[in-house]
Amino acid sequence: MSEVLFNTIEEFKKCMNTITETDGLLDKRGYKLHEKFNDLDLNEYNNFNSIELMGHKNNNNNYCFIYFVNNTSFLSKSYKTKSENNINRVEENIRKLYNIDNNKNIDINLIIILTQPLKINSYILEKKIIEKIDIENIQIFTYANLLFNITKHSKIPKHIRVISDKNEIKQICELKNISGTDKLPKILLSDPLANFYGLRVGELFEFKKYSKNSGIYIYYRVCVIN
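The structure presented is a predicted model; accordingly, all values stated were derived computationally and were not measured.

Caption draft 1: Spatial organisation of the sheet that holds strand 7 (residues 186-188). Read across the sheet, four strands follow the order 6-8-9-7 without closing on themselves; strand pairing throughout is mixed. Each edge of the sheet is formed by a strand with only one pairing partner; in this case those strands are strand 6 (159-163) and strand 7. Direction aside, the axes of adjacent strands within the sheet are offset by 30° on average. Running at roughly 115° to strand 6, helix 7 (residues 166-175) makes contact with strand 6, strand 8 (204-211) and strand 9 (215-224) of the sheet.

Right, dumping it as structure tokens:
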């Protein structure tokens with residue numbers, strides 16, 4: 001087991017910046033990082049095997065739990081007693097930090113970031129995580145995919161919106177005179193941009209492009225598994 005979270009502090013800083021900066025991963029998804037995690041001493045935190053961040057969407061019941069870990073043994077039974085940052089207590093930790101009553105329903109997005117190279121097939125790992133952790137919305141990133149904010153790439157449209165409201169999606173289909181989203185162009189769930197935004201199957205990306213000649217051009221992509 002590695003003794004540090006990231007191999008270099010520079011990689012740690014890049015990942016944290018991609019996640020927490022303006023127009024970063026949390027911001028693009030509408031989450032605000034809890035003030036507890038502002039101004040972390042990364043040199044100190046890099047000495048742990050795992051750390052966690054938590055965020056919340058304003059005026060609703062959506063919460064985000066980000067779990068950095070440098071090994072895959074967090075799935076083992078023994079890890080539950082060894083780690084202070086326990087992935088098996090995600091909901092408990094969110095409720096404690098935000099002082100949420102146990103009777104109130106909350107929607108949790110769990111993001112697992114592996115900070116060391118994988119020694120296991122990512123598909124097998126994802127399957128094991130889903131089997132062991134009772135959270136519906138789980139994403140897995142390797143640190144290398146978060147060293148750069150993909151939305152700042154020159155070929156990515158600057159104006160992107162996620163559409164999840166079913167009534168709005170229906171209106172878009174009617175406006176385009178199509179029977180359903182299956183008639184729209186597709187974007188894979190595994191696409192790096194879909195991953196960054198946390199897009200779910202059936203949701204839409206709305207892209208806006210600006211041209212001096214044609215003005216504003218709007219187009220859509222529907223998220224599919226394959």
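Caption draft 2: Examining the environment of G30 more closely. Among the structural elements, G30 can be located in the loop between helix 2 (25-28) and strand 1 (32-33). Linking G30 and L147, residues 117 residues apart in sequence, is a C-alpha distance of 20 Å. Excluding its chain neighbours within four sequence positions, the residues that come into contact with G30 are H56 and K57.

Caption draft 3: Representation of helix 5 (residues 90-98) within the structure. All of the buried residues in helix 5 are V90, N93, I94 and R95. A positive backbone phi angle near 55° is found at N99, which sits one or two residues after helix 5.

Caption draft 4: Region of interest: the sheet that holds strand 3 (residues 62-69). Spatial strand order, 1-2-3-4-5: five strands in an open sheet with mixed pairing. The strands lining the two open edges of the sheet, one partner per strand, are strand 1 and strand 5 (137-142). Where strand 3 lies against strand 4 (residues 107-114), eight bridges are found, and the strand directions are parallel. The residue bridging I66 from the neighbouring strand is I111, located in strand 4. Against the sheet, helix 1 (residues 9-20) makes contact with strand 1, strand 2 (50-56), strand 3 and strand 4, and its axis sits at roughly 170° relative to strand 3, the strand it touches most. Helix 5 rests against strand 1, strand 2, strand 3 and strand 4 of the sheet, and its axis sits at about 55° to strand 2.

Caption draft 5: Looking closely at the pairing of strand 3. Counting buried positions along strand 3 yields eight of eight residues, so the element is predominantly enclosed. The two faces of strand 3 match: N62, C64, I66 and F68 on one face and Y63, F65, Y67 and V69 on the other face are all buried. Summarising the sheet, strand 2 and strand 3 pair through seven bridges and their orientation is antiparallel. Pairing of I51 across the sheet is with F68, part of strand 3.

Conventions adopted
Residues numbered from 1 in each chain as written. Predicted model: local features only at pLDDT ≥ 70, side-chain atom pairs only at ≥ 80, totals over all residues. Heavy atoms only, no water. Pairing = 2+ DSSP bridges. Helix = DSSP H or I, 4+ residues; strand = E, 2+ residues; numbered from the N terminus. Axes fitted to C-alpha atoms, helices over the stretch in contact; angles between N-to-C directions. Contact = heavy atoms within 4.5 Å. Buried < 20%, exposed > 50% of the residue type's maximum accessible area, 1.4 Å probe, protein only.

In short, geometric facts, not functional conclusions.
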